[in-house]
Amino acid sequence: MNIITRNVNLSVSISLTVLRVVGFWAPDDLGPDQKILYHCLTACSFMYLLGIYLIIQVVDLFQIWGDLPLMTGTAFLLFTNLAQVTKILNILCRRNRIQAIIEDADEVLKRVSKGEAKKIVKSCNKETSLLQLMYFISTVVTTLGWASSAEKGKLPLRAWYPYNTSKSPAYELTYVHQVSALFIAAYLNVGKDTLVASLIAQCRCRLRLLALSFKTLCEGLQVGEKGLLTPDQELVASKRLRLLVIEHQAVLSEAVQLQNCFSEPTFAQFTVSLIIICVTAFQLVSQTGNMVRLLSMGTYLLNMMFQVFIYCYQGNQLSEESSEIAGAAYQCPWYTRSPKFRKALLTVMVRSRRVAKLTAGGFTTLSLASFMAIIKASYSLFTLLQQVEDKK
């Protein structure tokens, strides 16, 4: 069984490897008995990382209902876990469709051999790796802050347990479970989010490669005496254009598949992130004595904002680069082609004016404008909570 997943994009490779190790991305070469064992690993991982947390936090939320500061202290991580459950179930249910998207993009990008095209692929790899590293570092700081901010005899995170957690060894065992589950679940969340962002980035990369191919459509073809291509050269150019049209349709189809696979979980993430950013900001202004806790909540707030940002940024850039195909096609020397070829090229240009867009559940487009709207809505909700608390 191969633990490490190979991919031309480092971020995708790391994300899939993390999912595989934890139990949410089964290898293809497992036998019947091995599949049963792996499914057991999936169930155990889910309960250890998220299932137990969801139960104890929901019970705790009902017990402290009405106390706004305590409720927000429980709710911010509860909603984070609910969003993560949605994304995990989506990956498990749509595993084959996601695998097809990954393999298709990997196959296309691995075939790239020319100098400038290889630079585009490397640029994509560098960008996604940098985003993943930044996300990972902020997560490390947050989780370390939570783990080390617990006061003596208290747990790092609020939760209800059916036993006395203040006595030994129950306290030590519960502390270990909270910290270990928190660390693994946090890094798993980084892997899932950066996987989606990287797949969108690879779709963008294919659009950039397509734009480059349109610009160099006439490369190696010499213009005849009348300023037009010869019939043989015209045939070569037409074949190239046909291949580019097929590739363009393949990229647009990949964008549709990304929409079908990740639209609903992204909407759930955006909805939950709006609430999390709000309650985290409320918790942040409520922290007074514990400086480590204050700093960790601050990095968690930035972490949640960055999580939304990578989705919106990649979706925004996908639309931008999709619209640039028309300009790239216009840059080729179309004036040396026959009227028939020009008409075909014009059809491509008109089609590319309808840009590829990804939405969150069909409600909002992944764009920088949507990111700003979520931040503004979170601030409005935070202001409302502050007013409710001040009236008490």
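Quantities reported herein were computed from a predicted structural model and do not represent experimental measurements.

Colleague: How would you explain the overall build of the protein if you had to name every residue and give the values?
Modeller: The helix and strand tally for the protein stands at 11 helices and two strands. When the helices and strands of the protein are listed from N to C terminus, the series reads α-α-α-α-α-α-α-α-α-α-β-β-α. Projecting the C-alpha coordinates of the protein onto the three principal axes gives extents of approximately 90 × 55 × 30 Å. The buried share of the protein, reckoned over its 392 residues, is 50%. Intrachain contacts of the protein at a sequence separation of at least 6 include 79% that bridge at least 24 residues. With the model as given, the accessible surface of the protein reaches about 19200 Å², and the carbon-plus-sulfur share is 64%. Taking the 39 positively charged and 26 negatively charged side chains of the protein as two groups, their mean positions are separated by 4 Å.

Colleague: Let's hear about the UniProt feature "transmembrane region" (unreviewed entry) in the protein: which residues, and what values?
Modeller: Following the UniProt record, one finds the feature "transmembrane region" (unreviewed entry) at residues 36-56, 68-89, 130-150, 267-285, 291-313 and 355-375. As a span, residues 36-56 carries 100% helix and 0% strand, and end to end its C-alpha atoms are 28 Å apart. The distance from the first to the last C-alpha atom of residues 355-375 is 26 Å, and the span holds 38% helix and 19% strand.

Colleague: Run through the pattern of salt bridges, naming residues and quoting values.
Modeller: Overall, the coordinates contain 10 salt bridges when judged by the stated rule. The salt bridge involving aspartate 193 is made with lysine 87; its shortest N-O contact spans 2.8 Å. Within this pair, whereas aspartate 193 is found in helix H6 (residues 170-215), its partner lysine 87 is found in helix H3 (residues 68-93), the two being separated by 106 residues in sequence. For aspartate 193, a relative accessible area of 0% puts it in the buried group. Residue classification places lysine 87 among the buried positions, given a relative accessible area of 6%.

Colleague: Break down empty space enclosed by the protein for me, citing the residues and quoting the values.
Modeller: Scanning the model with the defined rule gives four cavities of 30 Å³ or more in all. As for the largest cavity, its lining consists of 20 residues, and the residues nearest its centre are Leu77, Thr80, Leu182, Ala186 and Tyr300. At six residues, H6 tops the list of elements feeding residues into the lining of the largest cavity. Taken together, the residues of the lining of the largest cavity break down into 12 nonpolar, eight polar and no charged.

Colleague: Quick rundown of the packing of aromatic side chains? Include the residues and the values.
Modeller: Using the criterion set out here, one finds 10 aromatic pairs in the structure. Relative to tyrosine 163, the ring of tyrosine 161 has its centre 5.5 Å away and its plane inclined at 50°; by these criteria the two rings are tilted. Centroid distance tyrosine 171 to tyrosine 175: 6.0 Å. Interplanar angle 45°. Geometry classified as tilted. In this pair, tyrosine 171 and tyrosine 175 both sit in helix H6, four residues apart, roughly one turn of the helix. The class for tyrosine 171 is buried, based on a relative accessible area of 17%. Members of the aromatic cluster, connected to one another through ring pairs, are Tyr135, Phe306, Phe309, Tyr313 and Phe371. Across the ring face of tryptophan 25, the terminal group of arginine 95 is positioned such that the distance to the ring centre comes to 4.5 Å.

Colleague: Quick one: what's the story with the packing of helix H5 (residues 115-148) against H6, residue by residue and with numbers?
Modeller: In the contact formed by H5 and H6, the axes pass within 9 Å of each other and the chain directions differ by 160°. Here H5 is positioned roughly antiparallel relative to H6, judged by the angle of their axes. With respect to the hand of their crossing, H5 and H6 are arranged in right-handed fashion. Counted by class, the contact of H5 with H6 contains 21 nonpolar, nine polar and five charged residues.

Colleague: Which residues make up the side chain of threonine 266, and what values do they have?
Modeller: Tracing the sequence through the fold places threonine 266 in helix H7 (residues 231-286). With sequence-adjacent residues up to four places away left out, threonine 266 is seen in contact with Tyr311, Ala360 and Leu366.

Colleague: Hey, could you go over the environment of leucine 301 for me, with residue numbers and the actual values?
Modeller: Residue position: leucine 301 is located in helix H8 (residues 291-323). On the accessibility criterion, leucine 301 (15% relative accessible area) is buried. Considered as a pair, leucine 301 and threonine 280 are 21 residues apart in the sequence and their alpha carbons are 6.1 Å apart. Those residues in contact with leucine 301, other than ones at most four positions away along the chain, are Ile277, Thr280, Ala281 and Leu284.

Colleague: Mind laying out the layout of surface pockets, listing which residues take part and the relevant values?
Modeller: Here the idea is plain: a probe the size of a water molecule rolls over the atoms and shows the empty space left. Roughly 700 Å³ of volume is contained in the largest pocket. Contributing elements (two or more residues each) for the lining of the largest pocket: H5, H6 and H7. For the lining of the largest pocket, the element with the highest residue contribution is H6, accounting for five residues. Of the residues that constitute the lining of the largest pocket, the class distribution is nine nonpolar, three polar and seven charged.

Colleague: Can you explain helix H2 (residues 32-63)? Please cite residues and give values.
Modeller: Between the first and last C-alpha of H2 there are 45 Å, a value that for 32 residues agrees with the 46 Å anticipated at 1.5 Å per step. Approximately 50° is the largest bend angle found in H2, and it occurs at methionine 47. The set of residues buried in H2 consists of Tyr38, Thr42, Ser45, Leu49, Leu50, Gly51, Tyr53, Leu54, Ile56, Gln57, Asp60 and Leu61.

Colleague: A description of the nonpolar core should follow, citing residues and the corresponding values.
Modeller: Membership of the largest hydrophobic core comes to 85 residues, with the highest contact counts inside it found for Leu19, Ile98, Ile102, Leu199, Phe214, Leu258 and Phe270. Residues within four places of isoleucine 102 in sequence aside, it is in contact with Asn7, Val12, Leu16, Trp25, Leu195 and Leu199. Leu109, Val112, Ala201 and Leu209 belong to the second-largest nonpolar core, a separate cluster that totals 10 residues.

Colleague: Any details on the packing of helix H4 (residues 95-110) against H6? Residues and values, ideally.
Modeller: The geometry of H4 relative to H6 is characterised by a closest axis approach of 10 Å and an angle of 40° between their N-to-C directions. The angle between the axes of H4 and H6 places the two elements in the oblique class. Between H4 and H6 lies a crossing whose hand is left-handed. Contacts between H4 and H6 involve Ile98, Ile102, Asp104, Ala105, Val108 and Leu109 from the former and Leu195, Leu199, Gln202, Cys205, Arg206 and Leu209 from the latter. Among the residues making up the contact of H4 with H6, the classes are represented as nine nonpolar, one polar and two charged.

Cut-offs used in this document
Residues numbered from 1 in each chain as written. Predicted model: local features only at pLDDT ≥ 70, side-chain atom pairs only at ≥ 80, totals over all residues. Heavy atoms only, no water. Helix = DSSP H or I, 4+ residues; strand = E, 2+ residues; numbered from the N terminus. Buried < 20%, exposed > 50% of the residue type's maximum accessible area, 1.4 Å probe, protein only. Contact = heavy atoms within 4.5 Å. Areas by Shrake-Rupley, 256 points an atom, 1.4 Å probe, with all protein chains shown as cover. Lys, Arg positive; Asp, Glu negative; His and termini not counted. Charge placed at Lys NZ, Arg CZ, Asp CG, Glu CD. UniProt positions renumbered as here; feature names shortened; annotations may be inferred. Salt bridge = Lys/Arg side-chain N within 4 Å of Asp/Glu carboxyl O. 1 Å grid on protein atoms, 1.4 Å probe; cavity = no way out; pocket = protein on both sides within 12 Å on 5 of 7 lines; lining within 4 Å. Points joined across faces, edges and corners; volume = space filled by probe spheres on them. Nonpolar A, V, L, I, M, F, W, Y, C, P; charged D, E, K, R; others polar. Phe/Tyr/Trp six-rings, centres within 6.5 Å; stacked < 30°, edge-to-face > 60°. Lys NZ or Arg CZ within 6 Å of the ring centre and 35° of its normal. Axes fitted to C-alpha atoms, helices over the stretch in contact; angles between N-to-C directions. Parallel < 35°, antiparallel > 145°, perpendicular 65-115°, else oblique. Left-handed = near helix turned anticlockwise from the far one by under 90°. Expected span 1.5 Å × (residues − 1). Bend = angle between axes of the 7 residues up to and from the residue. Core = buried A, V, L, I, M, F, W, Y, C linked by side-chain atoms within 4.5 Å.

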